[in-house]
Amino acid sequence: MDMTLEQAEFLKTLAEKSDSGSLRGDYSAADAQYVVPQDWHTYTPDQHALWRKLYQRQVQLLPGRACDLFIDSLAGLDAAGGIPQFDRTSEALSRATGWRLVAVPGLVPDHVFFEHLANRRFPVTVWLREPREFDYIVEPDVFHDFFGHVPLLFNPVFANHLQEYGKGGLKALRLGGLQFLARLYWYTVEFGLIESPQGLRAYGAGILSSGGEIGYCLNSPVPRRIPFNAERVMRTLYKIDSYQDTYFVIRDFDQLFEDTAPDFSPIYARLQTLAALPADSLLAGERNLQAT
Ligand code: PHE
Ligand code: FE
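If you're wondering where the values come from, they're calculated on a predicted model, not measured in any experiment.

A. Geometry of helix α5 (residues 110-118). Counting buried residues along α5, seven of its nine residues qualify, which places the element largely inside the surrounding structure. The complete set of buried residues in α5 reads D110, V112, F113, F114, H116, L117 and A118. A positive phi of about 60° marks R120, the residue just after α5.

Following this line, the structure appears as structure tokens:
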């Protein structure tokens with residue numbers, strides 16, 4: 001799921017404007033960690049059929065666009081036939097990297113989200129979008145959370161990185177660095193690109209679960225594609241209601257892990273004093289990588 005401060009506030013604003021005045025999920029059964037039972041047997045045949053349609057559309061877009069790690073892990077997940085049972089996936093995942101999935105009603109507060117990640121638990125929303133939301137959905141649903149996020153959790157380096165991100169999130173809450181860390185998550189875990197010997201590939205869940213952005217991010221001449229730099233990313237604003245103006249490109253997952261390992265306290269202190277960069281900036285000396 002996407003839990004970033006800016007997005008959560010956006011959604012809260014949306015919720016206030018909406019008829020119900022609340023987020024979409026049913027939070028009544030949530031425990032203190034916002035965990036709910038998945039109640040897998042309550043999904044309807046129509047919902048499983050919608051999942052299959054989403055899956056089939058998306059899986060045929062992956063070759064040549066998603067990174068190999070994502071494609072290979074997804075194939076091993078056996079999730080083509082319908083909405084998966086989280087407990088089954090958790091068994092395989094815990095054997096691979098020690099992570100497991102927990103079911104949640106939707107967005108959860110920042111500290112709850114970070115606490116899950118820091119303990120190798122990935123929160124996955126239980127509800128599925130409606131058919132009319134096939135192409136676009138505002139709040140993350142089970143398709144985004146599962147299809148987009150779960151495959152890379154099978155990779156040990158990425159799995160370790162996400163746990164460190166969770167710990168870093170708890171620290172950022174103490175240091176007033178949340179908005180900076182939220183941008184890092186957005187431009188990596190959600191919308192990150194990665195180099196490969198065959199050219200650029202996507203690894204971000206927001207891209208990989210989107211029917212449109214997966215082509216746009218690689219092929220369109222419009223957006224910038226800039227080599228990843230953690231501090232630069234943390235300074236950069238992002239779009240939540242359109243395709244991204246800028247994508248940041250990592251060499252490999254080791255780079256993501258290593259470049260985010262240093263203590264961010266001095267970076268947060270520095271960024272507090274600097275104006276944020278617009279989402280479409282290209283700084284002097286920055287390389288803008290070619291569309292493929
Ligand atoms: N190194 C960061 C810090 O000291 C924590 C972090 C790790 C943040 C990994 C993001 C990803 O705050
Ligand atoms: Fe997400």
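B. Looking closely at the pattern of salt bridges. With the rule as written, the count across this model stands at eight salt bridges. The partner of D263 in a salt bridge is K171, with the nearest N and O atoms 2.7 Å apart. Of this pair, D263 sits in the loop between α12 (253-259) and α13 (265-273) while K171 sits in helix α7 (residues 156-175), and the two are 92 residues apart along the sequence. According to the relative accessible area criterion, K171 is partly exposed, its value standing at 27%.

C. Representation of the site of ligand 1. Every residue lining ligand 1 is accounted for by H161, E164, Y165, G168, K171, L181, L184, T260, A261, P262, D263 and F264. A distance of 2.5 Å is found between an oxygen atom of ligand 1 and a side-chain nitrogen or oxygen belonging to K171. Between T260 and ligand 1, the recorded distance is 2.6 Å, taken from a backbone N or O atom to a nitrogen atom. Coverage of ligand 1 by the protein amounts to 94% of the 330 Å² it exposes when considered alone. Among the secondary structure elements, those contributing two or more residues to the shell around ligand 1 are α7 and α8 (178-190). A per-element tally of the shell around ligand 1 places α7 first, with five residues. Grouping the amino acids of the shell around ligand 1 by side-chain chemistry returns six nonpolar, three polar and three charged.

D. Structural context of unusual backbone geometry. For D39, which is not a glycine, the phi torsion comes out positive at approximately 50°. Here D39 shows up in the loop between α1 (5-17) and α2 (45-59).

E. Quick peek at a negative patch on the surface. There is a patch of like negative charges on the surface, built from E195, D252, D254, E258 and D259. Looking at the element boundaries, E195 is found in the loop between β3 (193-194) and β4 (201-202).

F. Just the sheet that holds strand β5 (residues 224-227), in detail. An order of β4-β3-β6-β5 is seen for the four strands of this open sheet, with the pairing classed as mixed. Each of the sheet's edge strands pairs with one partner strand only, and the pair in question is β4 and β5. Where β3 meets strand β6 (residues 246-250), two bridges bridge the pair, whose relative direction is parallel. Each residue of the ladder has a partner; that of L193, found in β6, is V249.

G. Inspection of helix α3 (residues 68-77) at higher detail. All of the buried residues along α3 are F70, S73, L74 and L77. Burial along α3 is one-sided: seen end-on, the buried residues are contained in an arc of 100°. Residues of α3 that are exposed and angled more than 90 degrees away from the buried face: D68, D72, A75 and G76. Each element contacted by the buried residues of α3 is listed here: α2, α4 (86-97), α6 (142-149) and α9 (205-208).

H. Structural detail: the packing of aromatic side chains. Counted by the stated rule, this structure contains 20 aromatic pairs. Taking the centre distance of 6.2 Å and the plane angle of 80° together, the rings of Y27 and Y34 count as edge-to-face. A relative accessible area of 25% places Y27 in the partly exposed class. Residues W51 and F143 carry aromatic rings whose centres are separated by 5.3 Å and whose planes lie at 80° to one another, so their mutual orientation is edge-to-face. Residue W51 is located in helix α2, and its partner F143 is located in helix α6; the two are separated by 92 residues in the primary sequence. For F143, a relative accessible area of 1% gives the class buried. An aromatic cluster of at least three residues, connected via ring pairs, comprises W51, Y55, F70, F86, F143, F146 and F147. Above the plane of the ring of F134 lies K53, whose end atom (NZ or CZ) is 5.2 Å from the centre.

I. Seen up close, the environment of Y185. Mapping Y185 onto the fold places it in helix α8. The exposure class of Y185 is buried, given its relative accessible area of 0%. Distance from Y185 to Y165, taken between C-alpha atoms, is 8.4 Å for residues 20 residues apart in sequence.

Rules and cut-offs
- Residues numbered from 1 in each chain as written.
- Chains lettered and ligands numbered in written order.
- Predicted model: local features only at pLDDT ≥ 70, side-chain atom pairs only at ≥ 80, totals over all residues.
- Heavy atoms only, no water.
- Buried < 20%, exposed > 50% of the residue type's maximum accessible area, 1.4 Å probe, protein only.
- Helix = DSSP H or I, 4+ residues; strand = E, 2+ residues; numbered from the N terminus.
- Salt bridge = Lys/Arg side-chain N within 4 Å of Asp/Glu carboxyl O.
- Near = heavy atom within 4 Å.
- Polar contact = N/O pair within 3.5 Å; in protein donor to acceptor, adjacent residues only side chain to side chain.
- Areas by Shrake-Rupley, 256 points an atom, 1.4 Å probe, with all protein chains shown as cover.
- Nonpolar A, V, L, I, M, F, W, Y, C, P; charged D, E, K, R; others polar.
- Patch = residues over 30% accessible without salt bridge, like charges linked within 9 Å, V, L, I, M, F, W, Y side chains within 5 Å.
- Lys, Arg positive; Asp, Glu negative; His and termini not counted.
- Charge placed at Lys NZ, Arg CZ, Asp CG, Glu CD.
- Pairing = 2+ DSSP bridges.
- Arc of directions from axis to C-beta.
- Contact = heavy atoms within 4.5 Å.
- Phe/Tyr/Trp six-rings, centres within 6.5 Å; stacked < 30°, edge-to-face > 60°.
- Lys NZ or Arg CZ within 6 Å of the ring centre and 35° of its normal.

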